[in-house]
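In case you want the letters, here they are:
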Amino acid sequence: MNMRDYDAVVVGSGPNGLSAAIVLARAGLSVIVLEARPTIGGGASSAELTLPGFVHDIGSAIHPLAAGSPLFQSLPLAEHGLEFIYPPISAAHPFDGGRAATLIGSVEETARTLGVDEVAYRTLFEPVVRHWPTMAADILGPLRFPKHPLDMAQFGLDALLPSTVVANRFKTTEARGLWAGMAAHAIQPLTNLTTAAIALVLMTAGHLRGWPMPKGGSQSIANALASYFKSLGGEIEVDRPVRSLHDLPKARVALFDLTPKQLLSIVGDRFSSGLGNWIYRRQLEHYRYGPGIFKIDWALDGPIPFTNPDCRRAGTVHLGGTLEEIVEAEQRTFDGQHPDRPYVLLAQQSLFDPTRAPAGKHTAWAYCHVPNGSTIDCTDRIEKQVERFAPGFRDRILARHTMNTAQVEAWNPNYVGGDINGGIIDIGQLYTRPTLGLTPYQTSEPGIFICSSATPPGGGVHGMCGYHAARVALREGFGKSVPVELTHG
């Protein structure tokens, strides 16, 4: 065990942990990252899960928020091997009968494909896309008075609504389905408040920068972050599980890229004395996790034979049919059921990145939402949804690798019960995650901070949770500030 002293120790090498470590190292601190697994990356990891030569993303696959992250844009990640690939269509949403809606290019380009909903689509998205550069820092950060309150107020009026309410602005099946597929990324009933926010953010990201994938797999993001961190003098140690504070080297501050369940198991005894600690501990104990996922990776003998040609040009395909079907499926899942026709998120990286599979072969990645902790095998349900829009798909399967919620959590303990968002992001935990407070990254114990997706702005590969946590740790632990504020272009 390395017993030298450091200014800061970061537990967990996911994108948020590595981002926090980079911010601290750029401020001149000595920093070490400890990772329990043999490899770094957390949710941004890749491996040959099925057959030799087929590279699959174990966790995240498509990265609209990474491409537009204010932090990542400020880092020289391309110099450290990160290359994004942009499919010609960001996302496609097929319907029975061969039709499909697409998220493509600018607001105007997508709107023109939506017929009578062109004006409604432009009215909704043009202001968000136009004002995104001034709003991004506030949207991708903790609750605070916005720097551009009028722009944020206009965004908030729509973002706080249930996605089903916003969907009523559209008349066509295509526009309503496209919107529902985006909103379902919230992993909760689409009738919930704030579910419109995730659709607005993801679709805006698509219009501004597209929905890219990293060449070689999502592991490339973690590898680039780690390479840059090491170039700053940072250290990373793998196979270093942390079960208590005694497992940490001496440091003035410790940042945990962990959700409340894991934080309590490591630090809980430090939150046991004094009223402030008791209140903080109680809030962590009542932190809520949302639905989980059942995930499949396929090795394929050829590309997925989607009926609609636009689906064959999209990096991401949302399979769920109409808005009404998706609303029902997500509600039933939230109620503890397993719908026969689940909403499925599918990525087909090898169509655009030949490094993912042997010549002439392909990979595909998909998951559906399931009740938290479910161990039901949803392979047949998912594959029937793919076959519904791509007849002959099953004939192309060479091998598959599946993960239920228990296996997802075993791989990454932050995904409690299979919850890949690190806690449900509903109105009760949108900004009050993991606890109610103006500095959610700071715990009740001096020197201990949390930098995971259980803090604002939540799930997604963007590093912003780590960035904001590191800023707080610099201020509270060292009296320092980040020299330059991030901007978003």
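Each chain has its residues counted from 1, following the order in which its sequence is written. Local features are withheld for residues below a pLDDT of 70 in this predicted model, meaning they are given only at 70 or higher, and side-chain atom pairs are given and counted only at 80 or more; totals for whole chains, interfaces and linings count all residues. Where side-chain values are given, they derive from all heavy atoms of the structure, hydrogens and water being excluded.

Student: Please clarify how the domain arrangement of the chain should be interpreted in this entry.
Tutor: Interfaces are often sized by the accessible area lost when the parts come together. Segmentation of the chain into domains, including their bounds, is taken from an automatic or database domain assignment. Assigned domains within the chain: domain 1 (6–45 + 214–288 + 414–478) and domain 2 (84–212 + 290–411). Counting residues at the interface gives 33 residues for domain 1, matched by 33 residues for domain 2. Take the accessible area each of two parts loses on contact, using a 1.4 Å probe, and add the two losses: that sum is the buried area. Both faces considered, domain 1 and domain 2 share a buried interface measuring about 2,500 Å² in area, 60% of it formed by carbon and sulfur atoms. Area buried by domain 1 at its contact with domain 2 is led by Gly-417, Ile-420 and Tyr-431, which between them contribute 21% of it. Salt bridges are defined as contacts in which a side-chain nitrogen from Lys or Arg sits within 4 Å of a carboxyl oxygen from Asp or Glu. Linking domain 1 with domain 2 are 1 salt bridge. With a shortest N-O distance of 3.4 Å, Lys-261 and Glu-409 are connected by a salt bridge. Polar contacts here mean pairs of N or O atoms no more than 3.5 Å apart (in protein, one a potential hydrogen donor and the other a potential acceptor; neighbouring residues in sequence count only if both atoms are side-chain atoms). Counting every contact that joins domain 1 to domain 2 gives 12 residue pairs in polar contact (both at pLDDT 80 or more). We call Asp, Glu, Lys and Arg charged. Ala, Val, Leu, Ile, Met, Phe, Trp, Tyr, Cys and Pro are nonpolar, and the rest, Gly among them, are polar. A class-by-class count of the residues in the side of domain 1 that touches domain 2 yields 16 nonpolar, 11 polar and 6 charged. We call two residues in contact when some of their heavy atoms are within 4.5 Å.

Student: Before we go on, may I ask you to explain the packing of helix α1 (residues 15–26) against helix α16 (residues 464–478) in this structure?
Tutor: Between N-to-C directions, angles span 0 to 180 degrees; the directions come from axes that are lines fitted to C-alpha atoms, helices contributing only their stretch in contact. A run of DSSP states H or I qualifies as a helix once it reaches four residues; a run of E qualifies as a strand once it reaches two. Both are numbered from the N-terminal end. Across the interface, α1 lies against α16 with an axial gap of 7 Å and an inter-helix angle of 40 degrees. The angle between the axes of α1 and α16 places the two elements in the oblique class. Considering the relative orientation of α1 and α16, their crossing is right-handed. For the pair formed by α1 and α16, the contact residues are Asn-16, Ala-20, Val-23 and Leu-24 on the first element and Met-464, Cys-465, Gly-466, Tyr-467, Ala-470, Ala-473 and Leu-474 on the second. Tallied by class, the residues present in the contact of α1 with α16 amount to 9 nonpolar, 2 polar and no charged. For classification purposes, an angle smaller than 35 degrees is called roughly parallel, one larger than 145 roughly antiparallel, one from 65 to 115 roughly perpendicular, and anything else oblique. Handedness of a crossing follows from how the near helix is turned relative to the far one, being left-handed for an anticlockwise turn of less than a right angle and right-handed for a clockwise one.

Student: Would you mind showing me how to read the environment of Glu-83 here?
Tutor: Relative to the assigned elements, Glu-83 resides in the loop between α3 (70–73) and β5 (84–85). With 81 residues separating them in the primary sequence, Glu-83 and Thr-164 have C-alpha atoms 36 Å apart. Apart from residues lying up to four places away in sequence, Glu-83 is in contact with Met-213, Pro-214 and Lys-215.

Student: Explain unusual backbone geometry here, please?
Tutor: Of all residues except glycine, most have a negative phi; of all peptide bonds, most are trans. Cis geometry is found at the peptide bond from Arg-433 to Pro-434, where omega equals 5 degrees. Among the secondary structure elements, Pro-434 is positioned in the loop between α15 (405–411) and β16 (448–450). Here Pro-456 and Pro-457 are connected by a cis peptide whose omega angle stands at 5 degrees. Tracing the sequence through the fold places Pro-457 in the loop between β16 and α16. Positioned with a positive phi, Ile-187 is a non-glycine residue whose angle comes to about 55 degrees.

Student: Hey, could you run me through the side chain of Ser-220 in this one?
Tutor: Looking at the secondary structure, you find Ser-220 in helix α10 (residues 219–231). Separated by 2.8 Å, the side chain of Ser-220 and the backbone oxygen of Lys-215 make a polar contact.

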